[in-house]
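# Close look at the chain arrangement
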Amino acid sequence: MRTHIKICGFTEPVGLQAAIDAGVDAVGLVLDPSPRQLSLTDAEQLRASVPDSVQLVAVCGRPDLDTIQEIHRVLRPDFIQLMADAMPDPKYGLPILPAFEDGEDLEQRVRQYCVATAEERPLVLTDGPKPGSGILADWSRLHGLGEFTRLMIAGGLRPANVGDAVQRLRPWGVDVSSGVEASPGVKSPELIHAFVDAVRVAEGSMEGRHD
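Residues numbered from 1 in each chain as written. Predicted model: local features only at pLDDT ≥ 70, side-chain atom pairs only at ≥ 80, totals over all residues. Heavy atoms only, no water.

Next up on the list: the sheet that holds strand β6 (residues 123-126). Here we have eight strands rolled up into a closed barrel, ordered β1-β2-β3-β4-β5-β6-β7-β8, and parallel in their pairing. Averaged over all adjacent pairs, the angle separating strand axes in this sheet is 25 degrees, with direction ignored. Across four bridges, the pairing between strand β4 (residues 79-83) and strand β5 (residues 96-100) is parallel. When the sheet's bridge partners are listed, Q81 is paired in β5 with L97. (Pairing = 2+ DSSP bridges. Helix = DSSP H or I, 4+ residues; strand = E, 2+ residues; numbered from the N terminus. Axes fitted to C-alpha atoms, helices over the stretch in contact; angles between N-to-C directions.)

This is the structure we're talking about:
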């Protein structure tokens, strides 16, 4: 299975182009307070460089409905990533990617979301205990979540450990931000390529395995 690769937190075009050249599946632009925060105007400018073959994700925290709708209108993202406890009513028809913070009740919260959506294997993102900080998630809480979701994992991933995560958890997708940075908000093209290569090598090593 090919792992979906998403890289978030671009603030300048060099890193964004490096990710596109490396063959990532999705890029995220952060609109929530953080060292990687963009204004909607700056995000719109970067968005113009993203080809149709690469998904655009507007990464937010817990904005109000008016803000979410404005982001959707201006950026036309494939997904708007929100914390799962700040989801708007489905009646608005917004393309939402729910993000779940790590915690002892993680599986319970994800299952409750899945029941509420009534969607078969919905797409969900699980993050570390402090999203955007680079703190490693507790992988032991993630085993089994992929059986009833399209699980995208984040939280402390980097080139040195993402291959292990792919082999151990076999997620639908992986998401990274600080793990491929030269400094907060500035992506390293070398680390981006190393991250993508590590994912693809891990996939190749699993071919033919049935464990």
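Before going further, it helps to examine the environment of D32. Relative to the helices and strands, D32 resides in the loop between β2 (26-30) and α2 (40-47). Judged by relative accessible area, D32 falls into the partly exposed class, the value being 29%. Taking the C-alpha atoms as reference points, D32 and C60, 28 residues apart in sequence, are found 4.9 Å from one another. Polar side-chain contacts of D32 include one of 3.5 Å to the backbone nitrogen of G61. (Buried < 20%, exposed > 50% of the residue type's maximum accessible area, 1.4 Å probe, protein only. Polar contact = N/O pair within 3.5 Å; in protein donor to acceptor, adjacent residues only side chain to side chain.)

Orientation of α2 relative to helix α3 (residues 65-75), taken along the N-to-C sense of each, is 35 degrees, at an axis distance of 10 Å. Helix-helix and strand crossings are classified by hand; for α2 and α3 the assignment is right-handed. Contacts between α2 and α3 involve L40, A43, E44 and R47 from the first element and E70, I71, V74 and L75 from the second. Split into classes, the residues belonging to the contact of α2 with α3 amount to five nonpolar, no polar and three charged. (Left-handed = near helix turned anticlockwise from the far one by under 90°. Contact = heavy atoms within 4.5 Å. Nonpolar A, V, L, I, M, F, W, Y, C, P; charged D, E, K, R; others polar.)

Another point: the environment of D78. In this structure, D78 sits in the loop between α3 and β4. Sequence-wise, D78 and A118 are 40 residues apart; in three dimensions their C-alpha atoms are separated by 21 Å. When near neighbours in sequence (up to four residues on either side) are disregarded, D78 contacts V54, Q55, L56 and P95. Among the polar contacts listed, one links the side chain of D78 to the backbone nitrogen of L56, at a separation of 2.8 Å.

Listed in full, the buried residues belonging to α3 are I68, I71, V74 and L75. Angular distribution of buried residues about the axis of α3 spans 140 degrees; they occupy a single face of the element. Set apart from the buried face of α3 by more than 90 degrees, the exposed residues are D66 and R73. Buried-residue contacts for α3 involve α2, β3 (55-59) and β4. (Arc of directions from axis to C-beta.)

Burial analysis of β3 places four of its five residues in the buried class, the great majority of the element. Here β2 runs beside β3; their pairing, made up of five bridges, is parallel. Each bridged residue has a counterpart across the sheet, and for V30 the counterpart in β3 is V59. Note that the unit made of β2, α2 and β3 has a crossover that is right-handed. Relative to β4, β3 runs parallel, the two being bridged by three bridges. Bridge pairing in β4 places V57 opposite F79. Each parallel crossover has a hand, and for β3 linked through α3 to β4 it is right-handed. (Right-handed = clockwise from strand over helix to strand, strands pointing away.)

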